[in-house]
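Fold and geometry: a report
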There are 2 protein chains.
Amino acid sequence: MTDPGDIDAAWLPSAAFRAVGSRRVLVRAGEGPQAGTVHSELAEACARFGGRVVPDGADADLVLAPADVDGLGDEGFTFERRGGTTTVTASGQRGLLYGLFHVVRLGEDAFTGERAREVHRPALATRMLDHWDNVAVHPVMGQVERGYAGGSLFWADGRARGDLDRVRAYGRLLAACGINAVAVNNVNVHATEAHLLTDRIGEVAAIADVLRPYGIRTHLSVTFAAPVVLGGLPTADPLDEAVRTWWAEATRRVYEAIGDFGGYVVKADSEGQPGPFAYGRSHADGANLLAAALEPYGGTVHWRAFVYDHRQDWRDRSTDRARAAYDHFTPLDGRFAPNAVLQVKHGPMDFQVREPVSPLIGAMPRTRLAVEVQATQEYTGQQRHVCWLGPMWSEALRFRPDGSVSAGRLADGLVAVSNAGDDPFWTGHPLAQANLYTFGRLAWDPAADPRAVLDEWIALTHPGAPERLVDGLHAVLDGSWSTYEKYTAPLGVGFMVQPGHHYGPSVDGYEYSPWGTYHFADRDGVGVDRSAATGTGYAAQYAKPWSEVYESPETCPDELLLFFHHVSYGHVLHSGKTVIQHIYDTHFEGVEEAEEARRVWEGLADLVEPARHARVAERFEEQVRCAREWRDQVNSYFLRKSGVPDGRGRTVY
Amino acid sequence: MTDPGDIDAAWLPSAAFRAVGSRRVLVRAGEGPQAGTVHSELAEACARFGGRVVPDGADADLVLAPADVDGLGDEGFTFERRGGTTTVTASGQRGLLYGLFHVVRLGEDAFTGERAREVHRPALATRMLDHWDNVAVHPVMGQVERGYAGGSLFWADGRARGDLDRVRAYGRLLAACGINAVAVNNVNVHATEAHLLTDRIGEVAAIADVLRPYGIRTHLSVTFAAPVVLGGLPTADPLDEAVRTWWAEATRRVYEAIGDFGGYVVKADSEGQPGPFAYGRSHADGANLLAAALEPYGGTVHWRAFVYDHRQDWRDRSTDRARAAYDHFTPLDGRFAPNAVLQVKHGPMDFQVREPVSPLIGAMPRTRLAVEVQATQEYTGQQRHVCWLGPMWSEALRFRPDGSVSAGRLADGLVAVSNAGDDPFWTGHPLAQANLYTFGRLAWDPAADPRAVLDEWIALTHPGAPERLVDGLHAVLDGSWSTYEKYTAPLGVGFMVQPGHHYGPSVDGYEYSPWGTYHFADRDGVGVDRSAATGTGYAAQYAKPWSEVYESPETCPDELLLFFHHVSYGHVLHSGKTVIQHIYDTHFEGVEEAEEARRVWEGLADLVEPARHARVAERFEEQVRCAREWRDQVNSYFLRKSGVPDGRGRTVY
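The structure presented is a predicted model; accordingly, all values stated were derived computationally and were not measured.

Overview of the overall build of chain A
Summing up its helical and strand segments, chain A has 19 helices and 20 strands in all. Radius of gyration (C-alpha) of chain A: 25 Å, near the 26 Å computed for a compact globule of 653 residues. Judged by the C-alpha coordinates and their principal axes, chain A covers about 80 × 65 × 50 Å. Looking at chain A as a whole, 63% of its 653 residues are labelled buried. Considering only residue pairs separated by 6 or more positions, chain A has 72% of its internal contacts joining residues 24 or more positions apart. Within the structure as shown, chain A displays about 22400 Å² of accessible surface, and the carbon and sulfur contribution to it stands at 51%. In chain A, 63 positive and 86 negative side-chain charges are present, and the distance between their average locations comes to 1 Å.

Now the structure itself:
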């Protein structure tokens, strides 16, 4: 690949390949696009660090070869070290590629001592990034909807980029953390983007060709109205024969262009997008229409469950947006085709810094589910604030609907809205690279300790980092999600953000809006009663024990109290503090923690490349400014409402 | 002039000329652009209605002739009727033009009975419309900033319109209500518009040529940084000799292109626009720089007094935006050149539905002042709501700083931000035409009874209107400002609008913003303490008696109470109601009044041209919807804060 020039190497700097590149390596990867990547990666590493690709195994330090064990699947691999030789085996090219990056991650450890054979397989078959990238710049949402890292990696000037080197480098980074699927355009499919499915599929194919060597299948967001807007049919009714034929034919042509095309992503009947409701059909009818078209070719439709009334009347307290996905979809369990995947946001609302896990997850045992998270930090600081989301995602992935510790897995796939763009640091905030990496690794192994993943990321990104740098990065990142939570909306209540762009505080910003996102603060208390006994009944959407845990303020976890209950300002939390004092304390603490993180980062100036250090330092200034704004606005708002002064006498305006 | 086709005739339908057009008319207007208009208007009216332009006065019903009285000035005229002949005389062409439109307004009354000679002169020399029109569409503000009537009359596709028929028709409407000055571009002068001053002055000249026959001088908004951005100078310092030379030369060229050019309008050091502060100079220095350049040619600079800190910290309660204009400008009294006019918004804030009259007006006796109002309904319903502003403007114009009833006049000029665009009804809401007409007539005679002006407008717009239509229009319009005030922000507190676009309610929308527009509502009370004793001291900027009247909640008028004082919800108004009950009552009443106006309008369907009736009816639907939203949000907000239920037990959410 071409050197991407001024582009940050992220977690694949040359030095990360030192251990591998200084060895004698035997590769028997066979033929094919991913095998080619294995060969070229090893050749380049050896050329750089003095190693050698050798023709037989006699004196090899590292052997990559076909597997002699069953059950690895296409992506799994074995790893062992015996008698001075490290061996990776896999049943397929993809497995070898992942095995190679496993060795890279281990570094010198991969070539030290003895290691019994380990079997590595991804826990989730689909590990996907959805790009909310527009081809034509949207007048309000821009090139990348909810993007905070510059323009699109894929699209510029109204077309697929001619130079796809950046996409190639991106694919390589994704392969190194285990991601195997990318949707290349926004789920809100506007007029221009609709054509990617038909007359502009060649542009998608060009991108797919570049991602394929990294084991990544390309997916496309499509509009449910495609038969009408592209095909000229009078209807998009999923039960209409002409519509079915249109989709079958359109999909056939897609596979002519992209033989390993991954499938479609669909946002239907959601925030104004067209869908099956217009024809009196169910979402299973809608999803199965596309599933049938994709089935002959092994494709999958990812059907988003983000269906709710976005024109709610704020006066109506009986309607609860949190209930919507469960109410819409659980009656359809068992009716989705095997190659239809219901893509469910991790929480019932919309990527707030704190939400309960969606009750829809676990409630559809006969439906394939993928869990969707947001790597792009729409509600978590927009890559101007450091907010490492590993702990949040890990918490969600470890949640078990029945309250068990580990039975079953939460879903069949994990999807993140990408946080990457054409920014030189990929993600705007250089430390937000950790979110992208962590997402991939948790999708491979949802049980992984996120802190261990962060160790990997630090070691790869800063090869040979001294302990002070490792400790500093942990100090800045480990608690950053908690810090962000502290200085923003309290106790799970969410959505105290500026309307529209969602950056910065506005306590009442969504309080009288049609979006279904309220906190109901008055002079006596705050929070949403979602109990079954006196509220919207949302709590009863969970199985036991969670339905019972969430039903009562006595058992509901503090951090979700205001999501489930409307309580007085004097209500005493499990922490022993009143709600109002908790609000004051966390907001002061959150700012102090952000200031402390900034201070720690300043102290790392001698250990971090200057451009990277400066970029982060500049963002910390904004984070601290914004955190103070959050603190003061939230505290003032609740002082004015409650009349209760801060117990510690600090300044509240 | 070309028939503007589907364009509404507004207050100059053909039928308005029936009385004049059916007479024998003798015209001795002389030569010149406005004389030409007098001739052509009369010729066209007579051709249509069977009258005749006659060569001598023997059998004339109407004579327009040079004046034989002194002191009429260029724009005044006499009017009398004696022995069956109606006579209009004037010293200049402009006076004859205004005299002609006076006769048109009178209709048959102009030709009935006897009338002693009346002398008509405009009370204010400058009667101006400022168009906040952009040449290049602004990405956020659009073609017309704060425009609610379609695109610009002057500019389209990045240039002056090639077809200026619409501008001609506009000029004619303006002449008929007495407006004599138009600024053709936005006071926020962006990069493209800056060039109108120099290499694009030809486009302005084309517009001026079309407006000239209607007695209208064309003005231009310019950027204070013009010597830098257009002239390539290193500075725009008003005391720099090269800068003075640049402006002199630029202005000389402007007058080469437009001999009767009116002058410049400048927004300096205001909301991000450049100004003299950057060079440590005063606003008198800045204004006088341009005044000196204009002086040789009889031009005027309108220098806006809208200077305040728009990056205020909401935590800082000592800074008061309301004080800003007075604090900035009164120290400069006497230092402005004779051809510099300080253009002062009628209130100290920004065109809210209720503000006190700015204390700056009356505080600069040695400075020429123009009062600026907003015909475009930025904060008064954006031409989706009916809100006739005649009573508001009249109140402001009748205000006397010393508390007297009529001593002196308030200002030397009156300026409105125009509410017109390329909408077929000119103003979006057809009834908003009444605002434009009323503005012109009040600028001519600030002492006029606005209700009488409205009668004129009704009679001209609907010639021969039956009493039911006249009464219906009064019922819809007369109280519409009061209605709008009732259902929006209470008691003068202002700014409870959606940030940015300013349409619809958001009680806390500006509460924690940098814009200096707060209400400080808490659980106990609401309002801004601007008293001298305990507040920001703003009240003391007034002379007596107002400084004393406003100082105390006991004497402050109810409608301004929350502008001047922070009071408890239980505070009893002069009306006998508590503040909180006043909020509830007015909000319920305001909606009921809007509903009633809609009902009245429905009943006029048989008397109003269908397209016009339908347009207004459609806007009433939106007005009522929005008024209910205002009512419910404001009432809910204050119920939640105060905890005080509505005394009449109505639904508050």
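Some thoughts on the relation of the copies chain A and chain B
Take chain A, turn it by 180°, move it 0.0 Å along the axis, and it overlays chain B with an RMSD of 0.0 Å. Each copy turns onto its partner about a two-fold axis.

Things to note about the pattern of salt bridges
Residues and elements named next belong to chain A. Within the structure shown, the criterion is met by 108 salt bridges over all chains. The salt bridge involving Arg 161 is made with Asp 422; its shortest N-O contact spans 3.0 Å. Taken together, the residues Arg 161 in the loop between strand E11 (159–160) and helix H4 (165–177) and Asp 422 in the loop between strand E18 (413–417) and helix H12 (433–444) connect sequence positions 261 residues apart. The partly exposed category is assigned to Asp 422, whose relative accessible area is 30%.

What about the packing of helix H18 (residues 579–602) of chain B against helix H19 (residues 610–642) of chain B?
Residues and elements named next belong to chain B. Direction vectors running N to C along H18 and H19 enclose 170°, while the axes themselves pass 9 Å from each other. Classed by the angle they form, the pair H18 and H19 counts as roughly antiparallel. The way H18 lies across H19 gives a crossing that is left-handed. For the contact of H18 with H19, the per-class residue count stands at 17 nonpolar, five polar and seven charged.

Brief notes about the sheet that holds strand E4 (residues 77–82) of chain B
Residue and element names in this part refer to chain B. Reading across the sheet, the six strands line up as E2-E1-E3-E5-E4-E6 and stay open at both edges, with mixed pairing between neighbours. Each of the sheet's edge strands pairs with one partner strand only, and the pair in question is strand E2 (52–53) and strand E6 (115–120). Here five bridges tie E4 to strand E5 (residues 85–90), and the two strands are oriented antiparallel to one another. The residue of E5 that forms the bridge with Glu 80 is Thr 87. Most of the contacts of helix H3 (residues 93–106) go to E4, to which it runs at about 45°, and overall it touches strand E3 (62–66), E4, E5 and E6.

With respect to the UniProt feature "domain: Glycosyl hydrolase family 67 C-terminal" (unreviewed entry) in chain A
As annotated by UniProt and renumbered to match this structure, "domain: Glycosyl hydrolase family 67 C-terminal" (unreviewed entry) occupies residues 427–650 of chain A. Spanning residues 427–650 of chain A, this segment combines 49% helix with 2% strand, and its end C-alpha atoms are found 37 Å apart.

As for the domain arrangement of chain A
Residue and element names in this part refer to chain A. Looking at chain A, the domain boundaries give domain 1 (14–120), domain 2 (126–447) and domain 3 (485–528 + 566–642). Summarising the inter-unit geometry, the C-alpha centres of domain 2 and domain 3 are found 29 Å apart. Facing 32 residues of domain 2, the contacting portion of domain 3 comprises 31 residues. A buried area of about 2700 Å², summed over both sides, lies between domain 2 and domain 3, and 58% of it is on carbon and sulfur atoms. Considering only the side of domain 2, the residues that lose the most area to domain 3 are Trp 314, Arg 384 and His 385, jointly responsible for 23% of the buried surface there. Taken together, the connections running from domain 2 to domain 3 amount to two salt bridges. When the shortest N-O distance is used, the salt bridge between Arg 615 and Asp 423 registers 3.0 Å. Counting every contact that joins domain 2 to domain 3 gives 14 residue pairs in polar contact (both at pLDDT 80 or more). A per-class count over the side of domain 2 that touches domain 3 returns 10 nonpolar, 10 polar and 12 charged.

Some words on the environment of Ala175(B)
Residue and element names in this part refer to chain B. By the element assignment, Ala 175 lies in helix H4 (residues 165–177). Overall, Ala 175 belongs to the buried group, its relative accessible area being 1%. Excluding residues that lie within four positions of it along the chain, Ala 175 makes contacts with Leu 97, Tyr 98, Phe 101 and Tyr 214.

Some thoughts on the interface of chain A and chain B
Of the residues lining the interface, 21 residues belong to chain A; the matching set on chain B comes to 21 residues. Of the roughly 2200 Å² buried at the junction of chain A and chain B (both faces included), carbon and sulfur atoms supply 47%. Counting across the chain A and chain B interface gives six salt bridges. One salt bridge connects Arg640(A) with Glu511(B), and the closest N-O pair in it is separated by 2.8 Å. Per-class residue counts for the side of chain A that touches chain B are six nonpolar, four polar and 11 charged.

Some details on the side chain of Asp423(B)
All names here are of chain B. With respect to the helices and strands, the residue Asp 423 is situated in the loop between strand E18 (413–417) and helix H12 (433–444). Polar contacts involving the side chain of Asp 423 include one to the side chain of Arg 615, which spans 3.0 Å. Once you skip the residues sitting within four places of it in the chain, Asp 423 turns out to touch Ala 149, Gly 150, Arg 166, Gly 428 and Arg 615.

A few points about helix H8 (residues 241–257) of chain A
Residues and elements named next belong to chain A. The end-to-end C-alpha distance of H8 is 25 Å, a good match for the 24 Å that 17 residues give at a rise of 1.5 Å each. Regarding H8, the residues found buried are Val 243, Trp 246, Trp 247, Ala 250, Thr 251, Val 254 and Tyr 255. Down the axis, H8 shows its buried residues gathered within 165° of arc, on one side only. In H8, the exposed residues that point more than 90 degrees away from the buried face are Glu 241 and Glu 256. On the buried face of H8, the contacting elements are helix H6 (201–211), helix H7 (226–229), strand E14 (263–266) and helix H9 (283–294). At the N-terminal boundary of H8, the capping side chain belongs to Asp 240, with an oxygen 2.8 Å from the backbone nitrogen of Ala 242.

Cut-offs and rules
Residues numbered from 1 in each chain as written. Chains lettered and ligands numbered in written order. Predicted model: local features only at pLDDT ≥ 70, side-chain atom pairs only at ≥ 80, totals over all residues. Heavy atoms only, no water. Helix = DSSP H or I, 4+ residues; strand = E, 2+ residues; numbered from the N terminus. Rg over C-alpha atoms; globule rule 2.2 N^0.38 Å. Buried < 20%, exposed > 50% of the residue type's maximum accessible area, 1.4 Å probe, protein only. Contact = heavy atoms within 4.5 Å. Areas by Shrake-Rupley, 256 points an atom, 1.4 Å probe, with all protein chains shown as cover. Lys, Arg positive; Asp, Glu negative; His and termini not counted. Charge placed at Lys NZ, Arg CZ, Asp CG, Glu CD. Least-squares fit on C-alpha atoms with pLDDT ≥ 70 in both. Salt bridge = Lys/Arg side-chain N within 4 Å of Asp/Glu carboxyl O. Axes fitted to C-alpha atoms, helices over the stretch in contact; angles between N-to-C directions. Parallel < 35°, antiparallel > 145°, perpendicular 65-115°, else oblique. Left-handed = near helix turned anticlockwise from the far one by under 90°. Nonpolar A, V, L, I, M, F, W, Y, C, P; charged D, E, K, R; others polar. Pairing = 2+ DSSP bridges. UniProt positions renumbered as here; feature names shortened; annotations may be inferred. Domains from an automatic or database assignment. Buried area = accessible area lost by both parts, 1.4 Å probe. Polar contact = N/O pair within 3.5 Å; in protein donor to acceptor, adjacent residues only side chain to side chain. Expected span 1.5 Å × (residues − 1). Arc of directions from axis to C-beta.

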